There are 2 protein chains.
Amino acid sequence: MAKIKAVKNGTKKDVITQKGAALFRKKGFASSSMRELADNIGVEAPSLYNHIGSKSEILENICFKVAGEFNKHLDEVEKDNENVVSKLENLIRFHIHMMLDEFDEVYVANREWKQLKDPFLNDFLNQRKNYEGRFVNIINKGIKAGELKKINPHVAVLIILSAVRGLEFWQRHKKNIHITDLENDMVTHLLNGLKK
Amino acid sequence: MAKIKAVKNGTKKDVITQKGAALFRKKGFASSSMRELADNIGVEAPSLYNHIGSKSEILENICFKVAGEFNKHLDEVEKDNENVVSKLENLIRFHIHMMLDEFDEVYVANREWKQLKDPFLNDFLNQRKNYEGRFVNIINKGIKAGELKKINPHVAVLIILSAVRGLEFWQRHKKNIHITDLENDMVTHLLNGLKK
DNA sequence: CATCAAAACTAATAAGCGTTAGTTTTGCTT
DNA sequence: AAGCAAAACTAACGCTTATTAGTTTTGATG
């Protein structure tokens, strides 16, 4: 059978990661078999092991790739000289774009990380905890600066991160609303509230 | 071995449903085996089949029990004579309580419904679509009545439902904040916004 | 065209899965 | 105590799983 195409999407490992993300999103990691993944790629299952070490490794690649991208963006946000409200708006918009542009990977990282095995599970959870902690710090600064209401910052982060994660379900309405309108409405709701 | 205790939690089917929800939440439906569930109950796997028809049926029981409770509450909210902001506050607080009081079941219904088989998958999705539609209608009324900002109501529902779903992750901080404070902060953030 | 590694293939393994069949135990009712 | 249904048990089935071993094909290099 044909070799795995490595042209468009980088290395063959990348192809497996991407097709894996698509499959795991649709059926869940545990319900997806290597045979089905191989079938989607156009190859027999054992051939995959020329490029990856195990099924788990595919999930690890997905989760840590996504985590890395979020961490990198947060680095930049922390460095910039904007006020807290602008930083938050930046973060919200970035999460929305990640959710829409790398849907499969972000979805899988959000929902299937529990299937990671130690030490990867621990590593991932630490990264997540760290990310949320830095997010909380930004909000705390905003409260002290008088930019934000006095709300438990953990609750605020929970709401913001959960709200953007909810875009997992947005696919269906995709055509009925423009992405920029969606973004603006989310920013408005999360920062200014729903009440008039 | 001892018979399944049917005293505290109603029928034996109920025990299986509850222990199933706890296991499925921890490990995911597909990664949970009937042998492990039986072990948690203190029984051999085949014994479970005296009380339930299949593994899938356990998931079905969990999902439709939860869906029923949410539908019932929405019935009551629609009937009451409160203004829209009060209705929304009621809905938000109910979702929070469900999330905290029936954590395992709600968590599983939220995250594992994809593993349902037709016709149950279709039925569940229809109920969900219906629920969201009625939620959207409430928000639309609020916009027309001048109570709410002119925001795409689907986006608003997405944000609210996703935010309360995010309480899946709240367990860790459980002891650091009172539930009433959590509730009030969430209502404030979602209705009045984060910005001062 | 010969070479040689990369990457495909086929075949097979051991483990785990949901579930069924058939049997024994349990514990209430008479 | 006897009887009987409910619910436990043991044993096993057929199937799917991720993965390994060993072999053949592919396709770029000299």
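None of the values given here were measured: they were computed from a predicted structure.

S.K.: Could you clarify how one ought to interpret the overall build of chain A in this entry?
M.R.: Looking only at helices and strands, chain A features 8 helices and 0 strands. Projected onto the principal axes, the alpha-carbon positions of chain A cover approximately 65 × 40 × 30 Å. Taking the intrachain contacts of chain A between residues at least 6 apart in sequence as the baseline, contacts between residues at least 24 apart amount to 68%.

S.K.: How do you make sense of the packing of helix α7 (residues 153–165) of chain A against helix α7 (residues 153–165) of chain B when you look at a structure like this?
M.R.: How two helices pack is summed up by the angle between their axes together with the distance between the axes. At a minimum axis distance of 7 Å, the contact between α7 of chain A and α7 of chain B shows a crossing angle of 120°. Between α7 of chain A and α7 of chain B, the crossing angle belongs to the class labelled oblique. For the pair α7 of chain A and α7 of chain B, the crossing hand works out as right-handed. Mapping the contact onto sequence places Ile159, Ser162, Ala163 and Arg165 of chain A in α7 of chain A and Ile159, Ser162, Ala163 and Arg165 of chain B in α7 of chain B. Its residues assigned to classes, the contact of α7 of chain A with α7 of chain B comprises 4 nonpolar, 2 polar and 2 charged.

S.K.: Which parts of the structure should I look at to understand the relation of the copies chain A and chain B?
M.R.: What relates the pair of chain copies is a rotation about an axis plus a shift along that axis. Each copy of the sequence occupies a distinct position, and chain A is placed on chain B by a rotation of 180° and an axial shift of 0.0 Å, giving an RMSD of 0.1 Å. Within this description, the copies of the chain are treated as partners about a two-fold rotation axis. Among all C-alpha atoms of chain A, that of Gly193 of chain A lies closest to the rotation axis, at 1.6 Å. A shared binding surface is used by both copies, with 100% of the interface residues of chain A retained as interface residues in chain B.

S.K.: When you look at the environment of Tyr131 of chain A in this model, what are you seeing that I'm missing?
M.R.: Residue and element names in this part refer to chain A. If you trace the backbone, Tyr131 turns up in helix α6 (residues 120–144). For Tyr131, a count of 16 C-beta atoms within 10 Å translates into the label partly exposed. The spatial distance from the C-alpha of Tyr131 to the C-alpha of Ser32 is 29 Å, given a sequence separation of 99 residues. Excluding residues within four positions of it along the chain, Tyr131 makes contact with Phe70, Asn71 and Leu74.

S.K.: Sorry if this is basic, but what is going on with helix α5 (residues 103–112) of chain B here?
M.R.: Along an α-helix, residues three or four positions apart point the same way, because every turn accommodates 3.6 residues. Those residues of α5 of chain B lying buried are Glu105, Val106, Tyr107, Val108, Ala109 and Glu112 of chain B. Its buried side turned inward, α5 of chain B meets α1 (12–27), α3 (55–79) and α4 (84–101) of chain B.

S.K.: When you look at the nonpolar core in this model, what are you seeing that I'm missing?
M.R.: Most often, soluble globular proteins keep nonpolar side chains buried together rather than apart. Of all hydrophobic cores here, the largest spans 42 residues; its most connected members are Ile159, Ile160 and Ala163 of chain A together with Ile159, Ile160 and Ala163 of chain B. At the level of elements, α4 (84–101), α6, α7 and α8 (179–192) of chain A together with α4, α6 (120–144), α7 and α8 (179–192) of chain B are the ones that each hand at least two residues to this core. If we ignore the near neighbours within four places in the chain, the residues touching Ile160 of chain B are Ile92 and Leu190 of chain B. Val43, Ile62, Val66 and Trp113 of chain B belong to the second-largest nonpolar core, a separate cluster that totals 22 residues.

S.K.: Please clarify how the packing of helix α3 (residues 55–79) of chain A against helix α5 (residues 103–112) of chain A should be interpreted in this entry.
M.R.: Residues and elements named next belong to chain A. It is the contact of α3 with α5, at a shortest axis distance of 9 Å, that shows an interaxial angle of 105°. In terms of their interaxial angle, α3 and α5 are classed as roughly perpendicular. Contact residues: α3 offers Leu59, Ile62, Cys63, Lys65, Val66 and Ala67, while α5 offers Glu105, Val106, Val108, Ala109 and Glu112. The residue makeup of the contact of α3 with α5, split by class, is 8 nonpolar, no polar and 3 charged.

S.K.: Any chance you could explain the interface of chain A and chain B here in plain terms?
M.R.: By convention, interface size is frequently given as the accessible area that disappears when the constituent parts associate. Across the contact, 40 residues belong to chain A and 40 residues belong to chain B. Broken down by secondary-structure element, the contributors of at least two residues to the side of chain A that touches chain B are α7 and α8 of chain A. Partitioning the side of chain A that touches chain B into residue classes produces 18 nonpolar, 13 polar and 9 charged.

S.K.: Explain the confidence of the model for chain A here, please?
M.R.: Regions with low pLDDT carry predicted coordinates that are not meant to be interpreted in detail. Counting all residues, the mean pLDDT for chain A is 92, and 91% of those residues have values of 70 or more. α3 of chain A holds the highest mean pLDDT among the elements of chain A, 98, whereas α8 of chain A holds the lowest, 91.

S.K.: So what exactly am I meant to see when it comes to the environment of Ser33 of chain B here?
M.R.: You can see Ser33 of chain B is positioned in the loop between α1 and α2 (34–41). As for Ser33 of chain B and Lys114 of chain B, which are separated by 81 residues in sequence, their C-alpha atoms are 17 Å apart.

S.K.: Sorry, what's going on with the environment of Leu48 of chain A here?
M.R.: Position of Leu48 of chain A relative to the elements: it lies in the loop between α2 (34–41) and α3. Residue Leu48 of chain A is classed as buried on the basis of its C-beta count, with 24 C-beta atoms lying within 10 Å.

Analysis parameters
Residues numbered from 1 in each chain as written. Chains lettered and ligands numbered in written order. Predicted model: local features only at pLDDT ≥ 70, side-chain atom pairs only at ≥ 80, totals over all residues. Helix = DSSP H or I, 4+ residues; strand = E, 2+ residues; numbered from the N terminus. Contact = placed C-beta atoms within 7 Å. Axes fitted to C-alpha atoms, helices over the stretch in contact; angles between N-to-C directions. Parallel < 35°, antiparallel > 145°, perpendicular 65-115°, else oblique. Left-handed = near helix turned anticlockwise from the far one by under 90°. Nonpolar A, V, L, I, M, F, W, Y, C, P; charged D, E, K, R; others polar. Least-squares fit on C-alpha atoms with pLDDT ≥ 70 in both. Buried ≥ 20, exposed ≤ 12 C-beta atoms within 10 Å, placed from the backbone. Core = buried A, V, L, I, M, F, W, Y, C linked by C-beta atoms within 7 Å. pLDDT = per-residue confidence, 0-100.

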